[in-house]
There are 2 protein chains.
Amino acid sequence: MEKIKPRTLSGFMELEPARQAQFEKIAQILRDTYALYGFYPLDTPVLEASEVLLAKGGGETEKQVYRFQKGDSDLAMRFDLTVPLAKYVALHYGSLTFPFRRFQIGKVYRGERAQRGRFREFYQADIDIIGDGALDIINEAEIPSIIYRTFSELGLTRFQIRINNRKVLNGFFEMLGLADRASDVMRTIDKIDKIGADTVREILLDEGISKENADEILRFISLEGGTEGILQALEDYRGRNAALDEGISELGTVARCMSDFGVPASHFRIDLTIARGLDYYTGTVYETTMLDHPEIGSICSGGRYDNLAGYYTDKKLPGVGISIGLTRLFFVLQDKNLLNESVPASPADVLILPMTDDLSAAISLATRLRAEGIRTQLHCEKKKFKAKIAYADKLAIPYVIFLGEDEIAGNTVALKELSTGEQTNTDFAVAAARIKAGLTERAKGKVIAGA
Amino acid sequence: MEKIKPRTLSGFMELEPARQAQFEKIAQILRDTYALYGFYPLDTPVLEASEVLLAKGGGETEKQVYRFQKGDSDLAMRFDLTVPLAKYVALHYGSLTFPFRRFQIGKVYRGERAQRGRFREFYQADIDIIGDGALDIINEAEIPSIIYRTFSELGLTRFQIRINNRKVLNGFFEMLGLADRASDVMRTIDKIDKIGADTVREILLDEGISKENADEILRFISLEGGTEGILQALEDYRGRNAALDEGISELGTVARCMSDFGVPASHFRIDLTIARGLDYYTGTVYETTMLDHPEIGSICSGGRYDNLAGYYTDKKLPGVGISIGLTRLFFVLQDKNLLNESVPASPADVLILPMTDDLSAAISLATRLRAEGIRTQLHCEKKKFKAKIAYADKLAIPYVIFLGEDEIAGNTVALKELSTGEQTNTDFAVAAARIKAGLTERAKGKVIAGA
């Protein structure tokens, strides 16, 4: 028979088994941590009617979306989890209770130009809190604290959540009479890390910003002195623009509440250059950077919005949300050797090698081990002993149990720990206890190490 | 602004939050149980190149598949998890270790005609064990035992795994000289439960089967006497066809090993009418029925195959696998009121209602509760007290903690259990212990009840 060459599309992540096990550990930590904060797990279809998914229309999104006809239906694959959330909340509004807190970890699709580290199918891991008509600002402090906790659980230590407030930016530009130039100016100052303050100033002048305004802008975005210092400095701007005043107050509230929520001062800072796109967000905005890898950009971003579902409903649904680009984060961690290879990624804790033809004792043993919560595999293939040990080695299964006639007769098991080579003949209870103790020890490491 | 009417495509399951929480519990039990048996979690793309996904081609599948062009690429959405597994194993053959055990829970897509209880996007939950060149028959007994364990963990009790062996069927029809008629005959006898033996006999005669053969077929598929009885009766057929002999031996081995694996006699039986499509499976085949709801058909099916990836590689990769149609199963459970509504589907265990303007004590309390593994929500919205209690009620959050000035000053919390209305003022440790004890009690129920 002629063969089809098996391949996976470029831009689609497909991991080897042990890598996938690491990925699953991360996903599980996300689910567990998000759940601790009282979020419902949510799932929505990957496919939606194009008119619903592309209600906003236009822009890059529409070009990248996977869209097609099936029968009479014009269908599209979701390109993020926010639009489906908006649809969900508008559609199920009557049966939801607000504030509605949900997390969703799911695949989204963007037909981008393929390049290293960019994916066409990738997981996003989102949390959002949606209010009905109003939503307290405390939520804008809780959201980044959840991210702090989540990354810490994963083992990430060298990261910083940077916050800003869109009202501060909008108010500031309004104050300067630059409300209609805000997008251009923001795009320019966004580059300050790369091109330096002087070049930014030159560009601003080229763009027709007055000398006074350019200096004012540069002074503003260069405010320093840590959280309290910047908040203090911002006080000097009070009384000149209502939106700016409100933004300064909100920024102060959020920053102080984040401390209450346990985010250490080392792990967040106010960054007045962050804007996160200009039309969707209306209050606090977040970006998260890995301190040793600023080149990869933000690994977790989001913010406050006043109107989640305006394309579908007149109900005012303000919310706040944040999203981890999980597939890209995993790619980066793998690429930079930041995954802790000593965290177990084996599919089993114990491999049983039956040494008798009658397998019933081995099967019973496997059942008893599984009842203890120990992940157990039986190896009953017709292979040489050496090949079976090699199998355990390759899969990094930490324990092997040999079960021969002597052990069955004596009601014992021969337990071997592969890392030390130590082998002992004990009864079941001792073996199970030893395995569990070893697993607890092995499970202590975090998934991410050295980042 | 003109609004787009929000809607979800027909044939796509989108659950309300509490239902989704139940679904997630089921998915988590599947993941945990599969993992106990030493399976790797696997994930593969939803989108594949059409030539890869449709290598087999033809038939219903090709008509139902969501297939489209994007740029130069001819793409298709996966319609099951088996073809992607075949591709995966063929593609990554060199880096895999065999037997390769993997589970995968993922969405698949079929553009079927929409009808109640049929889905175009649905989850499958698959386990497979793939050998390299050979695979021991013990695996054919372990697979259904995993399903027994999985359904039992879910709380399903009234189900039965029915097994057969394709070699028995093929050998039997070969023996009668009906090898080339096997498909037709199988399709007819498959209806015996609905139309009765007499009608089956009439149809067989109409189809040109001889009277002797028709009687022989009916006698064969009507063999009774439980597992041992049928195995005993099959012994009478030995010596007349090699495949039949082999099938009878395999069926005996699998049935007896299933007992060793702990599947009670009440939960499996040999059913010689099961064929499961005629070209893919080559040995043991499985179907699983809910005893009180035979009308919904098999909720979990699979079997042994000799050649997983023949379209992609010359390597002989025999395997055995089984699949739960998770979305359909969930639909049925919901539809027939078999989901245990007393199992917690709330997004949180505790709702904290701060009664002071300064929220720092409430935030610290939330952090401490979460550190104890208690899922905690803060309710800081500007709403009336009654509305906040109603919120906890609607979300079925079992505990509310009031934190006012007295409690903060006295270092206590006011803990209210909503189901009893009982309210106590205690210190943190007592409150946390009481909540945890209550949660343990609530968690005792299984997700499925009365089925």
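Look a little higher up for the structure.
Presented here is a report on the structure given in the accompanying data block.

Rules used in this analysis
- Residues numbered from 1 in each chain as written.
- Chains lettered and ligands numbered in written order.
- Predicted model: local features only at pLDDT ≥ 70, side-chain atom pairs only at ≥ 80, totals over all residues.
- Heavy atoms only, no water.
- Helix = DSSP H or I, 4+ residues; strand = E, 2+ residues; numbered from the N terminus.
- Contact = heavy atoms within 4.5 Å.
- Core = buried A, V, L, I, M, F, W, Y, C linked by side-chain atoms within 4.5 Å.
- Buried < 20%, exposed > 50% of the residue type's maximum accessible area, 1.4 Å probe, protein only.
- Buried area = accessible area lost by both parts, 1.4 Å probe.
- Salt bridge = Lys/Arg side-chain N within 4 Å of Asp/Glu carboxyl O.
- Nonpolar A, V, L, I, M, F, W, Y, C, P; charged D, E, K, R; others polar.
- Pairing = 2+ DSSP bridges.
- Axes fitted to C-alpha atoms, helices over the stretch in contact; angles between N-to-C directions.

1. Notes on the environment of Phe-261 of chain B
Right, so step 1: Its place among the elements puts Phe-261 of chain B in the loop between helix 11 (242–260) and strand 8 (268–270).
Right, so step 2: The sequence separation of Phe-261 of chain B and Ile-146 of chain B amounts to 115 residues, and the corresponding C-alpha distance is 8.8 Å.
Right, so step 3: Ignoring sequence-local partners within four residues, the contact set of Phe-261 of chain B consists of Ile-363, Thr-367, Arg-370 and Leu-378 of chain A together with Ile-138, Ala-141, Glu-142 and Ser-145 of chain B.

2. Points about the nonpolar core
If you look at soluble globular proteins, the nonpolar side chains tend to sit buried side by side.
Right, so step 1: Ranked by internal contacts, the top residues of the largest apolar core, which has 111 residues, are Phe-151, Phe-173 and Ile-217 of chain B.
Right, so step 2: Among residues more than four places away in sequence, those in contact with Ile-217 of chain B are Phe-172, Phe-173, Leu-176, Leu-178, Val-185, Ile-189, Leu-204 and Ile-209 of chain B.
Right, so step 3: In this structure, Val-185, Ile-189 and Met-290 of chain A together with Ile-401 of chain B belong to the second largest nonpolar core, which totals 110 residues.

3. Details of the interface of chain B and chain A
Right, so step 1: Listed per partner, the contact involves 103 residues of chain B and 103 residues of chain A.
Right, so step 2: Across the interface of chain B and chain A, roughly 8600 Å² is buried in total on both sides, 59% from carbon and sulfur atoms.
Right, so step 3: Together, Glu-14, Tyr-40 and Arg-370 of chain B form the three largest contributors to the area buried by chain B at its contact with chain A, with a combined 8%.
Right, so step 4: Our count for the contact surface shared by chain B and chain A stands at 12 salt bridges.
Right, so step 5: At nine residues, helix 1 (residues 17–36) of chain B tops the list of elements feeding residues into the side of chain B that touches chain A.
Right, so step 6: Split into classes, the residues belonging to the side of chain B that touches chain A amount to 55 nonpolar, 20 polar and 28 charged.

4. Description of the sheet that holds strand 8 (residues 268–270) of chain A
Sheet strands pair by backbone hydrogen bonding; their relative direction is either parallel or antiparallel.
Residue and element names in this part refer to chain A.
Right, so step 1: Taken together, the eight strands give an open sheet; going across it, the order is 1-5-6-11-10-9-7-8, and neighbouring strands pair in mixed fashion. This sheet does not close on itself; its edge strands, each paired only once, are strand 1 (40–41) and strand 8.
Right, so step 2: Pairing geometry for strand 5 (residues 100–109) and strand 6 (residues 121–130), over 10 bridges, is antiparallel. Looking at strand 6, one finds that Lys-107 is bridged to Tyr-123.
Right, so step 3: The sheet contacts of helix 5 (residues 138–154) involve strand 5, strand 6, strand 7 (159–165), strand 9 (284–290), strand 10 (300–305) and strand 11 (319–325), and relative to strand 11 the element is tilted by about 20 degrees.

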